[in-house]
Amino acid sequence: MTALTPSTAQAATKVAPEVIVRPGDARYAALAGRGYNGRFVATPDEIWLVHGAAQVEKAVNQALARNQRITVRGGGHSFEGLVDDPQFRLLVDLSEMKEVRYDPAMRAFSVQAGARLSDVYRALYEGWGVTVPGGVCPEVGVGGHVSGGGYGPLSRRHGLVVDHLQAIEIVVADRGGRARTVVATRDPGDPNRDLWWAHTGGGGGGFGIVTRFWFRTPGASGAPSSLLPKPPARMRKTVVSWPWAELTEAGFTRLVLNHGAWHAANSFPGSPYAVMHSSLQLHSYFAGTCELEIRWDATSPGMERMHDSYIRAVNAGVGLEPTVTVKEGTWLEIALEPTPSYGEYSRQKSMGGHLRKPLTVEQVGAMYRSLSDQSHYGAGLVYLAAYGCKINTVSSSATAIPQRDSVLKLWYSNNWADPAQDEIEVEWIRTLRKSVHGATGGFPVPNARQDGGYINYPDVDMRDPAQNTSGVPWYSIIWKDNYPRLQRVKNTYDPHDVFRHALSLPPTRG
Ligand SMILES: Cc1cc2nc3c(=O)[nH]c(=O)nc-3n(C[C@H](O)[C@H](O)[C@H](O)COP(=O)(O)OP(=O)(O)OC[C@H]3O[C@@H](n4cnc5c(N)ncnc54)[C@H](O)[C@@H]3O)c2cc1C
């Protein structure tokens, strides 16, 4: 058994007291409104701004004593109302917990759970020249992102962010109805190893409140600067843009099929193309363009030739000469570029999945019909992100996220401004999803071509039998054969279902 005590750092340093913000306080609206999706608003009686595990324990104990429903917000980038739900009366807000440092006792980098990816990328790179292969959006928080199994522009080269997760510090509510802090590590002898494992893709908010993550690449040794991947010295970012007005259905179909075929051929472990990441962003007609965003290690041998051949392969037979915009910068400059904002289009609905094989002609036809539909005004998007390579060197059961042989990650999204349009815009994305995955009950149910959902692209429709007609339960669509082990972790560490939301596993009895 590994002898570790919770948060030695916290005991050693003086920690500011928790701040409790209630309705009527000038700070309340901004804190309650930190969620990404304007369709959902939090209305808690208390928002606890905490600074360490002991204060989280205090909040959990109060919630247990007063029978208050409790939730936690990290970076606030959930697409669903998992946090912003009226059932929650006590909201633990981690936004002041964003310290990143090297922890010699753990021989790993300690990241407090309220950090955003931008905090992590900057601190790890400026301090030690290293990074973790996390998401493309620097505003996303590690709290939800890591727990859900996050991926990003360096994942084809270095795997998922959880492939580098060494340990977590987490506050759970035990069988006796008291909060306690547990450190759970990936070490084989750790009795809490399954709790660590649940946070390698099992999703946030359903087991406890993580207060700290530790990162170290398995097998790495030596100085801190050798314990995590080194990002490229320079990155090239290219945007290839096709104008919708000139894109015929045949051209659109060619584009998506070419892209799928290229990724099916070049995403195997050891592929020389692991140095690149891309996302094909098929926007609604109103956006004016469809785009391919490419990020490439600008120092990799043969970069120019491989980069150009990729664009040629994707554009072959499309019948248009796309606009190509290229820029270069340090890895950190590119990594910290903010994600384009949807502005007042803050209302959102999305859903995600994985593709083992390229989309079929019929599926691409369904996408074309939805994206060219001019009877709605939402900013619809089909996003096909490069996956595979190093990600696919890890076994399906090694982490809670089981998808380890896909070549593309899939994300359907729609954004709009007007609450009066909610029904129309939600229906638009449902129609898109159902028409692409009609053969499998409306969702990318695992089979030879597709490989299930992604908890970090949550869609509560999966729980609704009127929407999910696949006959496969929502949790098996997301976690496949890893579900029973996650269920056991839930039964052990949260037997009273203190930490729950619309897409968490309830404990089972017996
Ligand atoms: C613009 C945008 C871009 C994105 N890009 C990517 C990407 O490139 N790659 C990718 O993999 N994903 C991406 N995502 C998805 C992202 O990983 C998830 O939305 C993630 O869950 C957000 O985490 P958060 O802490 O910011 O969100 P929150 O809304 O704070 O939390 C999400 C869930 O996790 C829980 N949670 C948060 N913190 C903790 C904690 N400390 N302990 C326990 N539970 C916790 C919450 O209760 C909630 O259920 C993107 C999302 C957005 C909005």
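Note that this is a predicted model, so its numbers are computed, not measured.

Colleague: Which parts of the structure should I look at to understand unusual backbone geometry?
Modeller: Generally, phi is negative for residues other than glycine and the peptide bonds are trans, each holding for most cases. Positive phi, normally seen in glycine, also occurs at Cys 389, with a value near 55°. With respect to the helices and strands, Cys 389 occurs in the loop between strand 15 (381–386) and strand 16 (408–416). Non-glycine residue Asp 497 carries a positive phi angle of around 55°. In this structure, Asp 497 sits in the segment after helix 14 (483–493).

Colleague: It is not clear to me how the site of the ligand should be interpreted in this structure. Could you clarify?
Modeller: Around the ligand sit 31 residues, and of these Val 72, Gly 74, His 77, Tyr 151 and Tyr 454 come closest. His 77 is positioned with one of its backbone polar atoms (N or O) 2.8 Å from an oxygen atom of the ligand. Contact between the ligand and Tyr 454: an oxygen atom at 2.6 Å from a side-chain N or O atom of the residue. Protein chains bury 95% of the 950 Å² of accessible surface belonging to the ligand in isolation. Put simply, the parts of the chain that give the shell around the ligand at least two residues each are strand 3 (70–73), helix 5 (142–147) and strand 9 (209–215). Top contributing element to the shell around the ligand by residue count: helix 5, with three residues. The residue inventory of the shell around the ligand, partitioned by class, reads 14 nonpolar, 16 polar and one charged.

Colleague: Would you explain helix 12 (residues 422–436) in this entry?
Modeller: In a regular helix each residue adds 1.5 Å, so 15 residues correspond to 21 Å; helix 12 covers 21 Å between its end C-alpha atoms and thus fits that length. Of the positions making up helix 12, those classed as buried are Asp 422, Glu 425, Val 426, Trp 428, Ile 429, Arg 430, Leu 432, Arg 433 and Val 436. As for helix 12, its buried residues are in contact with strand 14 (347–355), helix 11 (361–371), strand 15 and strand 16.

Colleague: I keep staring at the pattern of salt bridges and nothing clicks. Help me out?
Modeller: Side-chain pairs of opposite charge can arise where the charged atoms are in close proximity. The tally for this structure, following the rule as stated, stands at 34 salt bridges. With a shortest N-O distance of 2.8 Å, Arg 485 and Asp 194 are connected by a salt bridge. One end of the pair, Arg 485, is in helix 14; the other, Asp 194, is in helix 7 (residues 193–198), and 291 residues separate them in sequence. When its relative accessible area of 28% is taken as the criterion, Asp 194 is described as partly exposed. The salt bridge involving Lys 349 is made with Asp 461; its shortest N-O contact spans 3.5 Å.

Colleague: How do you make sense of the domain arrangement of the protein when you look at a structure like this?
Modeller: Accessible area lost when the parts come together is the quantity often used to give the size of an interface. In terms of domain boundaries, the protein breaks down into domain 1 (18–230) and domain 2 (234–480). Here the C-alpha centroids of domain 1 and domain 2 sit 26 Å apart. Taken together, the contact between domain 1 and domain 2 spans 42 residues of the former and 52 residues of the latter. Between domain 1 and domain 2, the buried area comes to about 3,700 Å², and carbon and sulfur atoms account for 59% of it.

Colleague: Hey, could you run me through the confidence of the model for the protein in this one?
Modeller: For the protein, mean pLDDT is 96; residues scoring 70 or higher make up 97% of the total. The secondary structure element of the protein with the lowest average pLDDT is helix 1 (residues 8–12), at 47, and the one with the highest is strand 9, at 99. Here residues 1–11 is modelled with pLDDT under 50, and outside its nearest four sequence neighbours on either side it reaches 21 contacts, counting other chains as well.

Colleague: Help me understand the packing of aromatic side chains, please; the structure alone is not making it clear to me.
Modeller: The geometry of two aromatic rings is summed up by the distance between their centres and the angle between their planes. The full count for this structure, using the stated rule, is 27 aromatic pairs. A ring pair is formed by Tyr 151 and Tyr 457, whose centres lie 6.5 Å apart and whose planes are at 85°; its orientation type is edge-to-face. Here Tyr 151 is found in the loop between helix 5 and helix 6 (155–158), whereas its partner Tyr 457 is found in the loop between helix 12 and helix 13 (474–479), with 306 residues between them in sequence. Neither residue differs from the other here; Tyr 151 and Tyr 457 are each classed as buried. Taken together, the ring pairs in this structure connect Tyr 36, Phe 79, Tyr 151, Tyr 383, Tyr 387, Trp 411, Tyr 454 and Tyr 457 into an aromatic cluster. A cation over an aromatic ring shows up here: Lys 409 above the ring of Tyr 454, its NZ or CZ 3.3 Å from the ring centre.

Colleague: Is there a simple way to think about the sheet that holds strand 5 (residues 100–103) in this case?
Modeller: Picture the strands of a sheet paired through backbone hydrogen bonds; they go either parallel or antiparallel. Reading across the sheet, the five strands line up as 5-6-9-7-8 and stay open at both edges, with antiparallel pairing between neighbours. Unpaired on one side and paired on the other, strand 5 and strand 8 (179–185) mark the two borders of the sheet. On average, each strand axis in the sheet is inclined to that of its neighbour by 20°, with strand direction left out of account. Where strand 5 and strand 6 (residues 108–112) come together, four bridges link them in antiparallel fashion. The residue of strand 6 that forms the bridge with Asp 103 is Ala 108.

Colleague: In this structure, what is going on with the sheet that holds strand 3? I would like to understand it.
Modeller: Across the sheet, four strands lie side by side as 1-2-4-3; this open sheet has mixed pairing. This sheet does not close on itself; its edge strands, each paired only once, are strand 1 (19–21) and strand 3. Sheet twist, expressed as the average angle between the axes of neighbouring strands with direction ignored, equals 25°. In this sheet, strand 4 (residues 90–93) lies alongside strand 3 in parallel orientation, the contact comprising four bridges. Looking across to strand 4, one finds that Val 72 is bridged to Val 92. Sitting on the sheet, helix 3 (residues 53–66) is in contact with strand 2 (46–49), strand 3 and strand 4, with an inclination near 160° to strand 2.

Colleague: In this structure, what is going on with the environment of Ala 385? I would like to understand it.
Modeller: Along the polypeptide, Ala 385 turns up in strand 15. Judged by its relative accessible area of 0%, Ala 385 falls in the buried class. Sequence separation between Ala 385 and Gln 281 is 104 residues; the distance between their C-alpha atoms is 8.5 Å. In this structure Ala 385 touches Tyr 151, His 277, Ser 278, Ser 279, Val 407, Leu 408 and Lys 409, once residues within four positions along its chain are discounted.

Colleague: In this structure, what is going on with the packing of helix 11 against helix 12? I would like to understand it.
Modeller: Between two packed helices, both the angle of their axes relative to each other and the distance between the axes serve to describe the pair. With their axes 8 Å apart at the nearest point, helix 11 and helix 12 run at an angle of 165° to one another. The orientation of helix 11 with respect to helix 12, classified from their angle, is roughly antiparallel. When you trace helix 11 past helix 12, the crossing you get is right-handed. Residues Gln 363, Ala 366, Met 367, Ser 370 and Leu 371 of helix 11 pack against Trp 428, Leu 432, Ser 435 and Val 436 of helix 12. The class makeup of the residues in the contact of helix 11 with helix 12 is six nonpolar, three polar and no charged.

About the thresholds
- Residues numbered from 1 in each chain as written.
- Predicted model: local features only at pLDDT ≥ 70, side-chain atom pairs only at ≥ 80, totals over all residues.
- Heavy atoms only, no water.
- Helix = DSSP H or I, 4+ residues; strand = E, 2+ residues; numbered from the N terminus.
- Near = heavy atom within 4 Å.
- Polar contact = N/O pair within 3.5 Å; in protein donor to acceptor, adjacent residues only side chain to side chain.
- Areas by Shrake-Rupley, 256 points an atom, 1.4 Å probe, with all protein chains shown as cover.
- Nonpolar A, V, L, I, M, F, W, Y, C, P; charged D, E, K, R; others polar.
- Expected span 1.5 Å × (residues − 1).
- Buried < 20%, exposed > 50% of the residue type's maximum accessible area, 1.4 Å probe, protein only.
- Contact = heavy atoms within 4.5 Å.
- Salt bridge = Lys/Arg side-chain N within 4 Å of Asp/Glu carboxyl O.
- Domains from an automatic or database assignment.
- Buried area = accessible area lost by both parts, 1.4 Å probe.
- pLDDT = per-residue confidence, 0-100.
- Phe/Tyr/Trp six-rings, centres within 6.5 Å; stacked < 30°, edge-to-face > 60°.
- Lys NZ or Arg CZ within 6 Å of the ring centre and 35° of its normal.
- Pairing = 2+ DSSP bridges.
- Axes fitted to C-alpha atoms, helices over the stretch in contact; angles between N-to-C directions.
- Parallel < 35°, antiparallel > 145°, perpendicular 65-115°, else oblique.
- Left-handed = near helix turned anticlockwise from the far one by under 90°.

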